[in-house]
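The primary structure of each chain is shown beneath.
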Amino acid sequence: MLTEPITLVLGGMGVKGVASIGILEALDSQKIKIKKIYAAGASALVAGYYAMGKNPEELTDRFVNFFDSNDKLLWGLEQMSGLFQLQRRRITDSFAYFLQQRLYCRANAKRLSILTWDIVKPLIYEVFSNTDFSDLKIPMAISTIDLDAEKIFMIESGKLTDGMKAGIAFPGLFPPVSHKSHKLVSSTICCELPLETITRIDSPVLAVDFPVILSHERPTDMLEIIARTTEIRSHAIKNRLLKKVDYVITLERMNRFRWGSYRQIPLMIRYAREQTKHKLSLITKFQLTRRIPAVTL
């Protein structure tokens, strides 16, 4: 088992990031110490709560209730008119395709975003209130993209509420977030795991990956091609960056869940917890020979 404090990297596309609750529970049960957390997307909300010294399991009902209350506004998948059955299936499988369809078809590409921050602000402010990054018991960084500087920007200071908003500001879904003169959006659409700024100083690094199954169906329209290109690029970037870390835990069982499967959040969390525990038990075999490229479990 890992005996030295680790740097933990969490991600996950869409609702899958909430499964980080189970990952953190598994690490806690094995008494693994965390010296820093890098997070992106919804996993940032979970990581931030944990870094405050609180039990992340307490967030489960909050997330379930939030998504259930905003089902039609956030997803409305069954209500998307004018789409063929194949398109509807692609939407539930692919977050990139969902954004393209919603942005081009529903918003007609004329709006800055589909949704406003009024939807999620109550949840974010209720959970994180006036907490600052400096108040955290475990340091953390939230991965975003600075639109003006055109590069990755890690948020590690300021109000947690601002950082959380930027972490889930999926391009086209929510408007960019202004933070200390930066205009930020979530980096998950580029790479769902925030690995860009990892260095050997962070070693040993443990990244938890939710593998993505890329579609092999023939593209049928322009949006399908754009979404497929986005997915392939993101997948390639993630695989290249994973070579930088010491340990990669791959949660294959998470393949059964889609990016918007919010009704299965409790099951997602349980699967993530059980499989993470199992994979952690295997690290013992490799600990004495840890090296780059990463040990993948």
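Structural notes, computed from the coordinates. The structure presented is a predicted model; accordingly, all values stated were derived computationally and were not measured. (Residues numbered from 1 in each chain as written. Predicted model: local features only at pLDDT ≥ 70, side-chain atom pairs only at ≥ 80, totals over all residues. Heavy atoms only, no water.)

### What about empty space enclosed by the protein?
Next up, step 1: Summed over all chains, the structure comprises two cavities of 30 Å³ or more.
Next up, step 2: Of the volumes computed, that of the second largest cavity is approximately 70 Å³.
Next up, step 3: If you trace the second largest cavity, you find it lined by Leu 45, Leu 59, Arg 62, Phe 63, Leu 123, Ile 124, Val 127 and Phe 128.
Next up, step 4: Looking at the lining of the second largest cavity, the elements that each hand over two or more residues are helix 3 (60–69) and helix 7 (121–128). (1 Å grid on protein atoms, 1.4 Å probe; cavity = no way out; pocket = protein on both sides within 12 Å on 5 of 7 lines; lining within 4 Å. Points joined across faces, edges and corners; volume = space filled by probe spheres on them. Helix = DSSP H or I, 4+ residues; strand = E, 2+ residues; numbered from the N terminus.)

### Description of the state of the cysteines
Next up, step 1: Here the structure, examined in full by the defined rule, presents zero disulfides.
Next up, step 2: Unpaired in this structure, Cys 191 has its nearest cysteine sulfur neighbour in Cys 190, at a distance of 6.3 Å.
Next up, step 3: On the basis of relative accessibility, which here comes to 0%, the residue Cys 191 falls in the buried class. (Disulfide = S-S within 2.5 Å. Buried < 20%, exposed > 50% of the residue type's maximum accessible area, 1.4 Å probe, protein only.)

### What about the pairing of strand 6 (residues 182–186)?
Next up, step 1: As judged from the three bridges shared by strand 3 (residues 140–146) and strand 6, these two strands associate in the antiparallel manner. Paired with Thr 144 across the two strands is Ser 186, which belongs to strand 6.
Next up, step 2: In this structure, strand 5 (residues 177–179) lies alongside strand 6, joined through three bridges in antiparallel fashion. When the bridges of strand 6 are listed, His 179 appears paired with His 182.
Next up, step 3: Connecting strand 5 to the antiparallel partner strand 6 that follows it, the hairpin turn spans two residues, and Lys 180 within it adopts a positive phi of roughly 50°. (Pairing = 2+ DSSP bridges.)

### Comments concerning the side chain of Lys 279
Next up, step 1: Relative to the assigned elements, Lys 279 resides in helix 10 (residues 265–283).
Next up, step 2: Judged by relative accessible area, which is 7%, Lys 279 ranks as buried.
Next up, step 3: Separated by 2.6 Å, the side chain of Lys 279 and the backbone oxygen of Thr 250 make a polar contact. (Polar contact = N/O pair within 3.5 Å; in protein donor to acceptor, adjacent residues only side chain to side chain.)

### Digging into the packing of helix 2 (residues 42–51) against helix 7
Next up, step 1: Relative to each other, helix 2 and helix 7 sit at 20°, their axes nearing to 11 Å. Viewed along their axes, helix 2 and helix 7 adopt a mutual orientation that is roughly parallel. Pair helix 2 / helix 7 crosses with left-handed handedness. Contacts between helix 2 and helix 7 involve Leu 45, Gly 48 and Tyr 49 on the former and, on the latter, Ile 124, Val 127 and Phe 128.
Next up, step 2: A per-class count over the contact of helix 2 with helix 7 returns five nonpolar, one polar and no charged. (Axes fitted to C-alpha atoms, helices over the stretch in contact; angles between N-to-C directions. Parallel < 35°, antiparallel > 145°, perpendicular 65-115°, else oblique. Left-handed = near helix turned anticlockwise from the far one by under 90°. Contact = heavy atoms within 4.5 Å. Nonpolar A, V, L, I, M, F, W, Y, C, P; charged D, E, K, R; others polar.)

### Digging into the packing of aromatic side chains
Next up, step 1: Applying the stated rule across the entire model yields five aromatic pairs.
Next up, step 2: An angle of 35° between the planes, with centres 6.0 Å apart, marks the rings of Phe 67 and Tyr 262 as tilted. Taken together, the positions of Phe 67 in helix 3 and Tyr 262 in the loop between strand 8 (247–250) and helix 10 put the pair 195 residues apart, joining distant regions of the chain. For the residue pair Phe 67 and Tyr 262, the accessibility class agrees, reading buried in each case.
Next up, step 3: Arranged with centres 4.6 Å apart and planes meeting at 10°, the rings of Trp 117 and Phe 174 form a pair that is stacked. Highlighted residues: Trp 117 in the loop between helix 6 (95–106) and helix 7 and Phe 174 in the loop between helix 8 (160–167) and strand 5, separated in sequence by 57 residues. For the pair shown, Trp 117 and Phe 174 are each scored as buried.
Next up, step 4: Members of the aromatic cluster, connected to one another through ring pairs, are Phe 63, Phe 66, Phe 67 and Tyr 262. (Phe/Tyr/Trp six-rings, centres within 6.5 Å; stacked < 30°, edge-to-face > 60°.)

### Some details on helix 3
Next up, step 1: Taken residue by residue, helix 3 has Thr 60, Phe 63, Phe 66 and Phe 67 as its buried positions. Down the axis of helix 3, the buried side of the element spans an arc of 140°, and every buried residue falls inside it. Looking at helix 3, the residues exposed on the side facing more than 90 degrees away from the buried face are Asp 61 and Ser 69. (Arc of directions from axis to C-beta.)

### Some details on the packing of helix 1 (residues 20–29) against helix 2
Next up, step 1: Interhelical geometry of helix 1 versus helix 2 gives an angle of 35° and a closest axis separation of 9 Å. Residues Ser 20, Ile 21, Leu 24 and Asp 28 of helix 1 form the contact with helix 2, whose own contacting residues are Ser 43, Val 46, Ala 47 and Tyr 50.
Next up, step 2: Along the lines of polarity and charge, the residues of the contact of helix 1 with helix 2 split into five nonpolar, two polar and one charged.

### Comments concerning the nonpolar core
Next up, step 1: Leu 8, Ile 37 and Met 140 are the most contacted members of the largest nonpolar core, which has 69 residues in total.
Next up, step 2: Per-element tally for this core: the top contributor is helix 2, with eight residues.
Next up, step 3: Judged by nonpolar contacts, the second largest core, of 15 residues, contains Val 9, Ala 141, Val 245 and Val 248. (Core = buried A, V, L, I, M, F, W, Y, C linked by side-chain atoms within 4.5 Å.)

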